[in-house]
Amino acid sequence: MIPELGHFALILALILAGAQAFFGIAGAARGDARWQAVVRPAVAGQFVLVSTAIGALMYAFVNFDFSVLYVASNSNSALPTFYRVAALWGAHEGSLLLWAWILATWTLAVAILSRNLPTSFASRVMGVLGFVSFGFLLFTVATSNPFERLLPAPADGRDLNPVLQDPALAIHPPMLYMGYVGFSVAFAFACAAMLEGKLDQVWAKWTRPWTTMAWAFLSVGIALGSWWAYYELGWGGYWFWDPVENASFMPWLVGTALIHSLAATEKRGVFKSWTLLLAILAFSLSLLGTFLVRSGVLTSVHSFAADPTRGLFILGFLIIVIGGALALYAWRAPLLKSPAGFEGTAREAFLLYNNIFLVVAAAMVFVGTLAPLIADALKMTPLSVGSPYFDNLFPILMLPLGALVAVGLHAAWKRGQLGNSRKRILLGFAAALVFGLAIVFLGYGPGKPLTPIGVVLGIWIILSSLIDPVDRLRRRLTLPRAIIGMTIAHIGLGVCILAISTVESYTVERDAAIATGETLTMGRYAYRFDSIKEIEGPNYGGVRAEVTVLRDGVPITVLHPEQRHYWVQRSTLTEAGIASRWNMDMFVALSKEVGGGRWSVRAQLRPLIDWVWLAAGLMALGGVLATTDRRYRARATASEPALAQGSAAEAT
Amino acid sequence: MSRFLIPAAVFLALAGVLYVGVVHSPNKSTMQSVLLGKPVPAFSLPVLGNPGTMLTNSQLAGRPWVLNVWGTWCPACRDEHEALLAISQQNALPLVGLVWKDEDNAAIDWLKQLGNPYSVVAADRDGRVAIDFGVYGAPETFFIDSDGRVQYRHVGPMTQEVWNREFLSRIPKGALP
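Residues numbered from 1 in each chain as written. Chains lettered and ligands numbered in written order. Predicted model: local features only at pLDDT ≥ 70, side-chain atom pairs only at ≥ 80, totals over all residues.

**Here's the deal with the overall build of chain A**
Where we set the bar: Numbering of helices and strands starts at the N terminus; helices are DSSP runs of H or I of at least 4 residues and strands are runs of E of at least 2. For the radius of gyration, the atoms used are the C-alpha atoms, and the globule rule reads 2.2 Å times the number of residues raised to 0.38. Think of it as a crowd count around each C-beta: if 20 or more other C-beta atoms lie within 10 Å the residue is buried, if 12 or fewer it is exposed, and in between it is partly exposed, with C-beta placed from the backbone throughout. Each residue gets a C-beta atom placed from its backbone, and two residues are in contact if those atoms lie within 7 Å.
Regarding its fold elements, chain A presents 19 helices and 10 strands. For 652 residues, the compact-globule formula gives about 26 Å, and the C-alpha radius of gyration of chain A, at 26 Å, lands near that figure. Structurally, chain A occupies a C-alpha span of about 80 × 75 × 55 Å along its principal axes. Out of the 652 residues in chain A, the part that is buried amounts to 52%. In chain A, the proportion of contacts linking residues at least 24 apart, taken out of those at least 6 apart, comes to 74%.

Quick look at the structure:
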């Protein structure tokens, strides 16, 4: 009964989403106040209905209702409660429902927080969001109904994919979707502006907090996925350039470009059509990410099922949404005029360079990810570029971008004289050079050619980010949250470059077959394989080893790598044993028993690896702080004096 | 105007590529089987319900046959079961079941309850033979010709349509009973 209720609620939500789209867009076009008055109640109703649907599915999971096919396929009576809830988004149907629910949530937030915006604009924004929601709900109801019954009900379920039975991965999809879906708000703002034929600096100010918030969620989502891959897949790396990882990274790169170009549009009224295009692109890449993962066109560790019908449906939806938005762009964008130019070393220029590097990087990832598909379409031999392509090209784009950040932070709007700042920039660079080279050559020893460059650059960005805020504090000026947020996020970037450079150069790695009592030596460190025992968990059995880490012969910590056999799905999973120190991780994973009591193990020492995720956390924190800046909360907006500078280009 | 059309044009080209990718993906799953055109992997497995007897690949040689990989734990196998029953009525090809990583009793109960479309079912309890066949998820169905070579692999539930198009058509002319 409850699942049918959920299904029914989902169908009602679909109808309401259609109403929201129609009355929002058509109502604003006709200037009909009564039509537009339908929109907010439709948003609220849709939120309640989609919440009912997701609640019904969660109820089925928590109460072991194996007569629901999706529950039977992704849960089991031995599965702990926490994972029964997380199992909801463990596969295709539930993931879509989660997507729809998060979209309903973002839309509700827009409905509540857009009361001060002009009615027609707000209606259009919610109308576009309603259209996107309609597409997703239709997809769910038509091809991927999570409430489908399985009668007669099996006695027990097939269990959740063991790979997904992990706390970080349980919250990874919701975070990622908060980011993906959050970009739909920026997209809707862009479409509304194009429909309205008007884009001014106030528009950029409205759009910024939504975009930054979505970007912060996406940062956390990506970092969680990377962290999970590190300790769960047992390969010991933090990024594999896997198609699904790339699918989340592309919107992040473009989203990063977008939040910077929005800043220029807001402050100086420049890059208007470019900002619109980025807003469309960021969400398009989010949709494309969903398409790549869910249609199974690219196979990877993440794809659960290949289904051409679903693939075609999503593709059709992509063509309507993205194609429609780009057609609108081709029609409306030429009418937008950007005012006065700027000099080549003004802040605008640095933001432009930033955008070029980020978008080229996203294009590079895009080509690499889709290479197999493109080769297939052109009837060339199957081609997969693999990580050497990314590993070689990505730093070439990111290192100059880092240098631009360190310098550009001191540039002023409009006028290019770096003037007084020049001394600071050089001072910061000199300090970073001394520090960085000391760390590299005295601390670790020379690594790869790019290592000293990366380390110096990372430190330079951190110092450079701090100069202005520290100066402001010294002069007893207030420090708005926007600036604190920006500083923290840029420090995050510096930490990220520093950490990746270090981890890529100084990781010590050994694969060996080893028996109990034996020791594996790596420089000053040694791993002693003490024992291996049988263990039993709620829904798995397996073995756990005890490995003592010694430094200069003195035991410093004990690692417990495991290998688990999940009974129901009959699969084997590695749980790495990891001890984290502030400056490095000690890592060991059991890979397989090779006979005679010997196990092949992968042992690693990874310096600064945790800093990679710390960096993502800093970026996200910076984003959240910037979003909560007072000026976004200020009531005025619609009544704010229209910013002059010939920004409002009316389209006819 | 023209430069603002570039994004839409690029997107259209991309949509074309994605379309080819989606439409090709069923082919891809057959192409990915390295076994195509190769001799069927050698196996010797106990017969379901009669564990004393073994079924081997050599016993099946000499005429085309079909191997269907299934399990009682697999919802999609339940979906295709009715189609398999209908297909078995037509007696076109011997339908050999490979019950994959399953309890014998559960599998026997399932066949009793839902009907048995198979000429014979081999029990692959530890899943080793399925690995040799490159199976990555049940159900999967293979066509093996009279020389004992794998000619076709179908991933996902069997339907009458797939059967007519991809399996019946592969029987050499004159070999039909």
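**A closer look at the overall build of chain B**
Helix and strand counts for chain B stand at five helices and seven strands. Going from the N terminus to the C terminus, chain B shows its helices and strands as α-β-β-β-α-β-α-β-α-β-β-α. Taking all 177 residues of chain B together, the buried fraction comes to 36%. When contacts within chain B are restricted to residue pairs at least 6 apart in sequence, those whose partners lie at least 24 apart make up 76%.

**With respect to the packing of helix α9 (residues 201-232) of chain A against helix α18 (residues 609-627) of chain A**
Residue and element names in this part refer to chain A. As a reminder of what qualifies: Axes, fitted as lines to C-alpha atoms, cover a helix only where it is in contact. Angles between the N-to-C directions of the axes lie from 0 to 180 degrees. Angle categories are assigned with fixed cut-offs, so that under 35 degrees is roughly parallel, over 145 is roughly antiparallel, 65 to 115 is roughly perpendicular, and the rest are oblique. Each crossing gets its hand from how the near helix is turned against the far one by less than a right angle, where anticlockwise is left-handed and clockwise is right-handed. Only Asp, Glu, Lys and Arg are considered charged in this grouping, and only Ala, Val, Leu, Ile, Met, Phe, Trp, Tyr, Cys and Pro are considered nonpolar; every other residue, Gly among them, is considered polar.
At a closest axis distance of 8 Å, the pairing of α9 and α18 adopts a crossing angle of 165°. Looking at the two axes, α9 sits roughly antiparallel to α18. Every pair of crossing elements has a handedness; the one defined by α9 and α18 is left-handed. Together, Pro 209, Thr 212, Met 213, Trp 215, Ala 216, Ser 219, Val 220, Ile 222, Ala 223, Ser 226 and Trp 227 of α9 and Trp 613, Ala 616, Gly 617, Met 619, Ala 620, Gly 623, Val 624, Ala 626 and Thr 627 of α18 make up the contact between the two elements. The residue inventory of the contact of α9 with α18, partitioned by class, reads 14 nonpolar, six polar and no charged.

**Side note on the domain arrangement of chain B**
For clarity, the threshold we go by: Where each domain starts and ends follows an automatic or database-derived domain assignment.
Taken as a whole, chain B is organised into domain 1 (1-32) and domain 2 (34-170). A straight line from the C-alpha centre of domain 1 of chain B to that of domain 2 of chain B covers 36 Å.

**Regarding the packing of helix α6 (residues 92-113) of chain A against helix α7 (residues 119-143) of chain A**
All names here are of chain A. Running from amino to carboxyl end, α6 crosses α7 at an angle of 165°, the nearest separation of the two axes being 10 Å. Classified by the angle their axes make, α6 and α7 are roughly antiparallel. Regarding α6 and α7, the two cross each other, and that crossing is left-handed. Facing α6, whose interface residues are Leu 96, Leu 97, Trp 99, Ala 100, Leu 103, Ala 104, Thr 107, Val 110 and Ala 111, α7 presents Val 125, Met 126, Leu 129, Val 132, Ser 133, Phe 136, Leu 137, Phe 139 and Thr 140. Here the contact of α6 with α7 is built from residues that sort into 15 nonpolar, three polar and no charged.

**A look at unusual backbone geometry**
Positive phi values are uncommon outside glycine, yet Asp552(A) reaches one of about 50°. With respect to the helices and strands, Asp552(A) occurs in the loop between β4 (540-551) and β5 (554-559). With a phi close to 55°, Asn91(B) is a non-glycine residue in the positive phi region. Relative to the helices and strands, Asn91(B) resides in the loop between α2 (75-89) and β4 (95-100).

**What about the domain arrangement of chain A?**
All names here are of chain A. Splitting chain A by domain gives domain 1 (1-160), domain 2 (167-335 + 343-413) and domain 3 (508-609). Each of domain 1 and domain 2 was reduced to a C-alpha centroid, and the two centroids are 24 Å apart. With 24 residues of domain 1 in contact, the opposing surface of domain 2 contributes 25 residues. Those elements giving two or more residues to the side of domain 1 that touches domain 2 turn out to be α5 (81-86), α6 and α7. If one sorts the elements of the side of domain 1 that touches domain 2 by residue count, α7 sits on top with nine residues. For the side of domain 1 that touches domain 2, the class distribution of residues is 18 nonpolar, five polar and one charged.

**Details of the nonpolar core**
As a reminder, the rule being used: By our criterion, buried Ala, Val, Leu, Ile, Met, Phe, Trp, Tyr and Cys residues that link up through C-beta atoms within 7 Å make up a nonpolar core.
Ranked by size, the top nonpolar core spans 215 residues in total, and within it Ala186(A), Val254(A) and Ile280(A) carry the most contacts. No other element matches helix α8 (residues 167-196) of chain A, which puts 19 residues into this core.

**Some points on the environment of Thr141(B)**
All names here are of chain B. When you line up the elements, Thr 141 lands in strand β6 (residues 140-144). Assessed through the 25 C-beta atoms surrounding it within 10 Å, Thr 141 is described here as buried. Along the sequence, Thr 141 and Leu 98 sit 43 residues apart, while their C-alpha atoms lie 9.6 Å from each other. Not counting residues up to four positions away in its chain, the partners in contact with Thr 141 are Val 66, Leu 67, Asn 68, His 154 and Met 158.

**Comments concerning the sheet that holds strand β8 (residues 577-580) of chain A**
Residue and element names in this part refer to chain A. Here is the rule: Strand pairing follows a simple DSSP-based rule, namely that at least 2 bridges must link the two strands.
Taken in spatial order, the four strands make up an open sheet running β1-β10-β9-β8, and their pairing is antiparallel. Of all strands in the sheet, those bounded by a partner on one side alone are β1 (508-514) and β8. Across the sheet, the mean angle from the axis of one strand to that of its neighbour is 15°, orientation sign disregarded.

**What to know about α9(A)**
Residues and elements named next belong to chain A. Our working definition: One less than the residue count of a helix, multiplied by 1.5 Å, gives the span that helix is expected to have. A residue's bend is given by the angle between axes fitted to the 7 residues ending at it and the 7 residues starting at it.
Helix length check: α9, at 32 residues, gives a terminal C-alpha distance of 46 Å against a target of 46 Å (1.5 Å per residue), a fit within 8%. Most pronounced at Thr 207, the bend in α9 amounts to some 30°, and the proline Pro 209 follows within four residues. Among the 32 residues that make up α9, 28 are buried, leaving the element largely enclosed by the rest of the structure.

**Points about the pairing of strand β3 (residues 525-536) of chain A**
Residues and elements named next belong to chain A. Across four bridges, the pairing between strand β2 (residues 519-522) and β3 is antiparallel. By the bridge assignment for β3, Met 522 is matched with Tyr 525. Here β2 folds back onto β3 in antiparallel fashion, the turn holding two residues, of which Gly 523 has a positive phi close to 65°. In the sheet, β3 pairs with β4 via 11 bridges, with the strands oriented antiparallel. Paired with Tyr 527 across the two strands is Val 549, which belongs to β4. Linking two consecutive strands that pair antiparallel, namely β3 and β4, is a turn of three residues.

**Quick notes on the environment of Thr369(A)**
All names here are of chain A. One can find Thr 369 in helix α13 (residues 347-377). For the pair Thr 369 and Ala 100, spaced 269 residues apart in sequence, the C-alpha to C-alpha distance is 26 Å. When near neighbours in sequence (up to four residues on either side) are disregarded, Thr 369 contacts Pro 243 and Asn 246.

**Points about the environment of Tyr83(A)**
Residues and elements named next belong to chain A. When you line up the elements, Tyr 83 lands in helix α5. Of the residues examined, Tyr 83 has 25 C-beta atoms within 10 Å and is grouped as buried. Along the sequence, Tyr 83 and Leu 160 sit 77 residues apart, while their C-alpha atoms lie 8.0 Å from each other. Not counting residues within four places of it along the chain, the set of residues in contact with Tyr 83 comprises Leu 160, Gln 165 and Ala 170.

**Structural notes on the confidence of the model for chain A**
Detailed conclusions should not be drawn from predicted coordinates in areas where pLDDT is low. Residues and elements named next belong to chain A. Going by this rule: Predictor confidence is given residue by residue as pLDDT, running from a minimum of 0 to a maximum of 100.
For chain A, mean pLDDT is 87; residues scoring 70 or higher make up 91% of the total. Across chain A, helix α3 (residues 39-62) holds the top mean pLDDT of 97, while strand β7 (residues 571-575) sits lowest at 77. Contacts from residues 299-306, a stretch scored under 50 in pLDDT, to residues over four places away or in other chains number 15 contacts. For residues 636-652, every residue scores under 50 in pLDDT, and the model assigns this stretch 32 contacts once sequence neighbours within four places are set aside.

**Focus: the pairing of strand β3 (residues 65-70) of chain B**
All names here are of chain B. For β3, the tally of buried residues reaches six of six residues, placing the bulk of the element in the interior. Covered by surrounding structure in β3 are Trp 65, Leu 67 and Val 69 together with Val 66, Asn 68 and Trp 70, the residues of both alternating faces. When β3 meets β6, the two strands line up antiparallel, connected through five bridges. Directly across from Asn 68, in β6, lies its bridge partner Thr 141.

**Describing the confidence of the model for chain B**
Residues and elements named next belong to chain B. Residues at a pLDDT of 70 or more form 89% of chain B, whose mean pLDDT is 81. When pLDDT is averaged over each helix and strand of chain B, the minimum, 74, is found for helix α1 (residues 2-31) and the maximum, 92, for β3. Contacts from residues 26-31, a stretch scored under 50 in pLDDT, to residues over four places away or in other chains number five contacts. With a pTM of 0.80, the predicted complex shows an ipTM of 0.80.

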